[in-house]
Amino acid sequence: MTIETKASINFADINAVEFHCKQCGAILIRKLDEMLRVPRACGNCDAQWNFADGPEGQELLRFFRRLLAYRSIGFAFDLRLQVVGLDEELKKKS
Ligand SMILES: [Zn+2]
C-alpha cells in the first residue's frame, strides 16, 4: 500500500518567492509585489544568474506579475497548485 501526502497552495496565499542558489545553497527571499525583480546574482556568493535580462528572466517576471494580478481579479474559483511527495521531503529533513 502506498500512502501519499498531498497539499495545495492557493495562488492568493503566495506572498514571496525564494531563489535557492545552486552554488552555495543560500536562499534569497523576495516579497511578491510590483517591485520584485529577478536577481542577477546570488547575494551570498556572487554567482551570476545571467538569465535575469534574457527571455527566461522576463518570462519569470511576467509569471510573478500574473500571480499578483490573480489576487485582485476575483475569479469564481480558487486556483491552487497541488504538491505531492511531501512525505519524502519530510524524511530527508529528519
Ligand atoms: Zn550563492
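Note that the coordinates shown come from a computational prediction; the quantities given were computed from them, not determined experimentally.

**Student:** For this particular structure, what's the right way to read the pairing of strand β2 (residues 16–20)?
**Tutor:** Each regular strand shows side chains that alternate between the opposite faces of the sheet. Side chains Val17 and Phe19 of β2 all project onto a buried face; the interleaved residues Ala16, Glu18 and His20 project onto a face where none is buried. Across five bridges, the pairing between β2 and strand β3 (residues 27–31) is antiparallel. The residue of β3 that forms the bridge with valine 17 is arginine 30. Taken together, β2 and the strand that follows it, β3, pair antiparallel across an intervening segment of six residues, in which glycine 25 is found at a positive phi of about 90°.

**Student:** How should a nonpolar patch on the surface be read in this particular structure?
**Tutor:** A surface patch of nonpolar side chains, about 360 Å² in accessible area, is lined by Ile73, Phe75, Phe77 and Leu79. Its location among the elements puts isoleucine 73 in helix α1 (residues 55–73). For isoleucine 73, a relative accessible area of 39% puts it in the partly exposed group.

**Student:** Where do I start with the environment of arginine 66 in this structure?
**Tutor:** Relative to the elements of secondary structure, arginine 66 occurs in helix α1. Sequence separation of arginine 66 and lysine 6 is 60 residues, and the distance between their C-alpha atoms is 25 Å.

**Student:** For this particular structure, what's the right way to read the environment of isoleucine 9?
**Tutor:** Secondary-structure assignment places isoleucine 9 in strand β1 (residues 6–10). Separated by 65 residues in the primary sequence, isoleucine 9 and glycine 74 have C-alpha atoms spaced 17 Å apart. In this structure isoleucine 9 touches Ile14, Leu79, Arg80, Leu81 and Val83, once residues within four positions along its chain are discounted.

**Student:** Would you explain the coordination of the zinc ion in this entry?
**Tutor:** Four donors placed tetrahedrally about a metal ideally form angles of 109.5 degrees, and six donors placed octahedrally ideally form angles of 90 or 180 degrees. Bound to the zinc ion on the protein side are Cys21 (SG), Cys24 (SG), Cys42 (SG) and Cys45 (SG), at distances that span 2.3 to 2.4 Å. One way to put it: the four donor atoms around the zinc ion meet at angles of 108 to 112°, and that makes the site tetrahedral. You can call cysteine 21 buried: its relative accessible area is 5%.

Basis of the calculations
Residues numbered from 1 in each chain as written. Predicted model: local features only at pLDDT ≥ 70, side-chain atom pairs only at ≥ 80, totals over all residues. Heavy atoms only, no water. Buried < 20%, exposed > 50% of the residue type's maximum accessible area, 1.4 Å probe, protein only. Helix = DSSP H or I, 4+ residues; strand = E, 2+ residues; numbered from the N terminus. Pairing = 2+ DSSP bridges. Patch = residues over 30% accessible without salt bridge, like charges linked within 9 Å, V, L, I, M, F, W, Y side chains within 5 Å. Areas by Shrake-Rupley, 256 points an atom, 1.4 Å probe, with all protein chains shown as cover. Salt bridge = Lys/Arg side-chain N within 4 Å of Asp/Glu carboxyl O. Contact = heavy atoms within 4.5 Å. Donors = N, O, S within 2.8 Å, 3.2 Å for Na, K, Ca; no water. Tetrahedral: all angles 85-135°; square planar, octahedral: opposite > 155°, others 65-115°.

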